[in-house]
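# Structural characterization, general
Spelled out, the chains give:
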Amino acid sequence: VMLTGDNKNTAEQIAADIGIDDVRSELLPADKVSEVEKMLACLNPRDRELFYKLYVEEESMTQISHETGMKPEVIYNRLSRGRKKIRKNLLEERGA
């Protein structure tokens, strides 16, 4: 999924160039936040927190591990399972 404020034509061209077929363009920053929140809604609160720490706050695995008390391997596994769940939900949303 590509979320962007770019106009539709520009966004679709960029997405095609890098192999993304789900483009949501002409979004305001608040709309992007809303789209991300919808995508993360399928996760339990703990996993949403991990995604937020890694991808929004840009914390390192070491920082996240220290703050949460989880081993880095556990964090990697939870993030991997979360990405799969998000991907599955997006595909179902598109009817694929």
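Rules and cut-offs
Residues numbered from 1 in each chain as written. Predicted model: local features only at pLDDT ≥ 70, side-chain atom pairs only at ≥ 80, totals over all residues. Heavy atoms only, no water. pLDDT = per-residue confidence, 0-100. Helix = DSSP H or I, 4+ residues; strand = E, 2+ residues; numbered from the N terminus. 1 Å grid on protein atoms, 1.4 Å probe; cavity = no way out; pocket = protein on both sides within 12 Å on 5 of 7 lines; lining within 4 Å. Points joined across faces, edges and corners; volume = space filled by probe spheres on them. Nonpolar A, V, L, I, M, F, W, Y, C, P; charged D, E, K, R; others polar. Axes fitted to C-alpha atoms, helices over the stretch in contact; angles between N-to-C directions. Parallel < 35°, antiparallel > 145°, perpendicular 65-115°, else oblique. Contact = heavy atoms within 4.5 Å. Patch = residues over 30% accessible without salt bridge, like charges linked within 9 Å, V, L, I, M, F, W, Y side chains within 5 Å. Areas by Shrake-Rupley, 256 points an atom, 1.4 Å probe, with all protein chains shown as cover. Salt bridge = Lys/Arg side-chain N within 4 Å of Asp/Glu carboxyl O.

Let us look at the confidence of the model for the protein chain. Looking at the protein chain as a whole, its pLDDT mean stands at 92, while 99% of the residues score no less than 70. Element-level pLDDT for the protein chain is lowest in helix 2 (residues 29-40), with a mean of 88, against a maximum mean of 96 in helix 4 (residues 61-68).

Here the focus is the layout of surface pockets. Roughly 560 Å³ of internal volume is contained in the largest pocket. Of all the elements in the fold, those that place two or more residues in the lining of the largest pocket are helix 2, helix 3 (45-56) and helix 5 (72-94). Here the lining of the largest pocket takes 6 residues from helix 5, the largest share from any one element. When grouped by side-chain class, the residues that make up the lining of the largest pocket number 13 nonpolar, no polar and 7 charged.

Contact geometry for helix 3 and helix 5: axes closest at 10 Å, N-to-C directions at 100°. By the criterion of interaxial angle, the relationship of helix 3 to helix 5 is roughly perpendicular. Taking contact as the criterion, the partners of R46, D47, L50, F51, L54 and Y55 in helix 3 are, on helix 5, I75, R78, L79, G82, R83 and I86. For the contact of helix 3 with helix 5, the class distribution of residues is 7 nonpolar, 1 polar and 4 charged.

A separate point is the environment of D21. Residue placement: D21 occurs in the loop between helix 1 (8-18) and strand 2 (23-24). Sequence-wise, D21 and V1 are 20 residues apart; in three dimensions their C-alpha atoms are separated by 7.3 Å.

A cluster of nonpolar residues, Y52, Y55 and V56, forms a patch on the protein surface that exposes about 320 Å² of accessible area. Within the fold, V56 resides in helix 3.

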